Amino acid sequence: RTAIFWFRRDLRLHDNAGLYEALKQFDAVVPVFVFDTDILEKLPRYDRRVDFIAQAVSHLDTQLRELGSALHIEVGSPVSILPALASRYGAAAVFANTDYEPEALARDAHIERQLVQQGISLQRFKDQVIFEKSEVVKDDGTPYTVFTPYSRKWKAHCNAFFLKPYPTVQYAQCLAGRDKLQLTTVKPDVAVLGFKPTDMVFTPPSVSRTCLSDYGAQRDFPAADATSRLGVHLRFGTGSIRALAQQAAGLSDVFLNELIWRDFFQMLIWHFPKTVEHAFKPAYDAIVWRNNAADFERWKQGQTGYPLVDAGMRELQATGFMHNRVRMVVASFLCKHLLIDWRWGERYFAEHLLDYELAANVGNWQWAAGCGADAAPYFRVFNPSLQAQKFDPESRYIRKWVPEYGSASYPAPMVDHAQARARCLAVYQQAVK
Ligand code: FAD
């Protein structure tokens, strides 16, 4: 009996929930990956994530070949490709892991309707989070909107059962043999796909125990390189959230909490999909943003005259990564100092972050703008100069990204902190009075 396993944002063999279920139930599982042109066509050619995905897919194919199988790779719209492939292979079912983003849910519902007409089922499994949907809710069944009680319930709920790995490779004999596959000539190569190659070299993730044990003390210092850098691996599933949570449990409660924030935001977007476009707190949709395009450009280019903000924006542009503390500072600066709509910033991050994740990005932007569930109170306005003194006291991070800092060529601050703060409070008060 044949089934298809459709890899999406779970680009690994080991500890892959949906793949494990497919291999347990079927004796010929065809591994499939589709370079989704519905997504790729909207991306600028310099998008760095395409290179990451291409390399991860290539790695996956190599691993499958070592097991006697291979990855069936296609380029096109999954909406037409999956139903066609399922019938070509005579598959009884298509297996995948759940993607909780509203657009992905709509796409999958569409594909499921077509498959069902062909008498084929689409089976989806929880893989990307520890707890999904309504697994951690209040006693009355309603979703939490405040993090601390959510995290308490999350921890009370979590036990070895939820963290144990799926031993996928034990069932490797149920992968369809290479001779049974109708492989295409598509190469998982960024240039062939029409995108610009990067200097990235894909390596499967690992996190050191030292990193975790130091995390609580060091994670706020951008020069320290003390965070895991696993965001991109969690985004594309090249690392397993269960393995990471297992490692964190008992070693670093601070780190575990960050993983719980990730589940928290995923849970929120599931229950409140309208927050993709709207403030969680409706009154904040009435803020009269200045939305000055020239100011926005200076922020994007790292030319605000606030060195921590500029360092962060330049790091993002150059690498696709920005340290969390600095993300908080640049986001607050955009919304509060410049009074630019959080959605503008959210979209800019969405284009550039390698670890971009709709739920986390929207949730954190709304946190910074003060309009999200459990957000920072709006009247708490980060002082970007004090943040730099506190978290980059020797300006090591700043000098790395803003080498001209301190020279005449570095711009003066584009707004005065005290004036910008007062302007922000007046505008916010008007909206939420
Ligand atoms: P670590 O500090 O090592 O944390 C480990 C993992 O925990 C991260 O990889 C991530 O999966 C999760 N995590 C940590 N902090 C958060 C958080 N605040 N919210 C949700 N998950 C968290 N994170 C994203 O994964 N995608 C985004 O698009 C994203 N956008 C952000 C936008 C803003 C304005 C801010 C302030 C934060 C954003 N974050 C986002 C959260 C956080 O900054 C990144 O997860 C983190 O910097 C990634 O680096 P790391 O892997 O070294 O994290």
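Note that this is a predicted model, so its numbers are computed, not measured.

### Some details on the overall build of the chain
Here is step 1 of the chain: Helix and strand counts for the chain come out as 19 helices and five strands.
Here is step 2 of the chain: Computed over C-alpha atoms, the radius of gyration of the chain comes to 23 Å, within 12% of the 22 Å expected from 2.2 N^0.38 for 433 residues, which places it in the range of a compact globule.
Here is step 3 of the chain: Here the C-alpha coordinates of the chain stretch approximately 70 × 50 × 40 Å along the principal axes.
Here is step 4 of the chain: The buried share of the chain, taken over its 433 residues, is 43%.
Here is step 5 of the chain: By sequence separation, contacts in the chain at least 24 residues apart represent 78% of the contacts at least 6 residues apart.

### Digging into the packing of helix H4 (residues 78–88) against helix H5 (residues 102–117)
Here is step 1 of the chain: Closest axis-to-axis distance for the H4/H5 pair is 9 Å, and the angle between their directions is 30 degrees. Seen along the crossing, H4 lies across H5 with a hand that is right-handed. Facing Pro78, Val79, Leu82, Pro83 and Ala86 of H4, the residues of H5 in contact are Arg107, His110, Ile111, Gln114 and Leu115.
Here is step 2 of the chain: Across the contact of H4 with H5, the residue classes break down as seven nonpolar, two polar and one charged.

### A closer look at the domain arrangement of the chain
Here is step 1 of the chain: The assigned domain composition of the chain is domain 1 (2–127), domain 2 (129–163 + 210–271) and domain 3 (275–432).
Here is step 2 of the chain: For domain 1 versus domain 2, the distance between C-alpha centres works out to 26 Å.
Here is step 3 of the chain: Between domain 1 and domain 2, the contact holds 11 residues from the first and 13 residues from the second.
Here is step 4 of the chain: Of the residues contributing to the side of domain 1 that touches domain 2, the split by class is five nonpolar, one polar and five charged.

### Points about the sheet that holds strand E3 (residues 72–76)
Here is step 1 of the chain: Read from one edge to the other, the open sheet built from five strands follows the order E3-E2-E1-E4-E5, with strand pairing classed as parallel. If you trace the sheet from one side to the other, it starts and ends with E3 and strand E5 (121–125), each paired once. Taken pair by pair, the neighbouring strands of this sheet meet at an average axis angle of 30 degrees, ignoring direction.
Here is step 2 of the chain: Sheet topology places strand E1 (residues 2–7) next to strand E4 (residues 93–97); three bridges connect them, and they run parallel. In the strand pairing of E4, phenylalanine 5 is matched with phenylalanine 95.
Here is step 3 of the chain: Relative to the sheet, helix H1 (residues 17–25) contacts E1, strand E2 (28–36), E4 and E5, its axis offset from that of E4 by approximately 155 degrees.
Here is step 4 of the chain: Against the sheet, H5 engages E4 and E5, with an angle of about 145 degrees to E5.

### What about the site of the ligand?
Here is step 1 of the chain: Taken together, 26 residues lie around the ligand, and Thr227, Ser228, Gly231, Asn361 and Asn364 are the ones closest in.
Here is step 2 of the chain: The set of elements that each furnish at least two residues to the shell around the ligand consists of helix H9 (231–236), helix H11 (253–271), helix H14 (324–337) and helix H16 (358–369).
Here is step 3 of the chain: Among the residues forming the shell around the ligand, the class breakdown is 13 nonpolar, six polar and seven charged.
Here is step 4 of the chain: Built from parts of two domains, the shell around the ligand gets at least three residues from each of domain 2 (129–163 + 210–271) and domain 3 (275–432).

### Comments concerning helix H3 (residues 49–66)
Here is step 1 of the chain: Here H3 is 18 residues long and its end C-alpha atoms lie 26 Å apart, about the 26 Å a rise of 1.5 Å per residue gives.
Here is step 2 of the chain: What H3 keeps buried is the set Arg49, Val50, Asp51, Phe52, Ile53, Ala54, Gln55, Ala56, Val57, Leu60, Asp61 and Leu64.
Here is step 3 of the chain: Residues of H3 that are buried make contact with E1, E2, helix H2 (37–40), E3 and H9.

### Structural notes on the nonpolar core
Here is step 1 of the chain: Counting residues in each nonpolar core, the largest one holds 68 residues, and the members touching the most others are Leu259, Leu308, Val330 and Leu334.
Here is step 2 of the chain: Per-domain counts for this core show at least three residues from each of domain 2 (129–163 + 210–271) and domain 3 (275–432).
Here is step 3 of the chain: When near neighbours in sequence (up to four residues on either side) are disregarded, leucine 259 contacts Ile241, Leu244, Ala245 and Ala248.
Here is step 4 of the chain: Counting residues in hydrophobic clusters, the runner-up holds 52 residues, among them Tyr20, Val50, Tyr166 and Phe195.

### Some words on the confidence of the model for the chain
Here is step 1 of the chain: Taken as a whole, the chain shows an average pLDDT of 96; of its residues, 100% reach a score of 70 or greater.
Here is step 2 of the chain: Across the predicted assembly, pTM comes out at 0.97 and ipTM at 0.99.

### Details of the pairing of E2
Two faces belong to every sheet, and in a regular strand the side chains alternate between them.
Here is step 1 of the chain: The buried fraction of E2 is high, at seven of nine residues.
Here is step 2 of the chain: Sheet topology places E1 next to E2; six bridges connect them, and they run parallel. Residue phenylalanine 5 lies in a different strand from E2, and its bridge partner there is proline 31.
Here is step 3 of the chain: Taken together, the five bridges between E2 and E3 define a ladder with parallel strand orientation. Its bridge partner being in E3, phenylalanine 35 is matched across the sheet by valine 75.

Reading guide: rules and limits
- Residues numbered from 1 in each chain as written.
- Predicted model: local features only at pLDDT ≥ 70, side-chain atom pairs only at ≥ 80, totals over all residues.
- Helix = DSSP H or I, 4+ residues; strand = E, 2+ residues; numbered from the N terminus.
- Rg over C-alpha atoms; globule rule 2.2 N^0.38 Å.
- Buried ≥ 20, exposed ≤ 12 C-beta atoms within 10 Å, placed from the backbone.
- Contact = placed C-beta atoms within 7 Å.
- Axes fitted to C-alpha atoms, helices over the stretch in contact; angles between N-to-C directions.
- Left-handed = near helix turned anticlockwise from the far one by under 90°.
- Nonpolar A, V, L, I, M, F, W, Y, C, P; charged D, E, K, R; others polar.
- Domains from an automatic or database assignment.
- Pairing = 2+ DSSP bridges.
- Near = placed C-beta within 6 Å.
- Expected span 1.5 Å × (residues − 1).
- Core = buried A, V, L, I, M, F, W, Y, C linked by C-beta atoms within 7 Å.
- pLDDT = per-residue confidence, 0-100.

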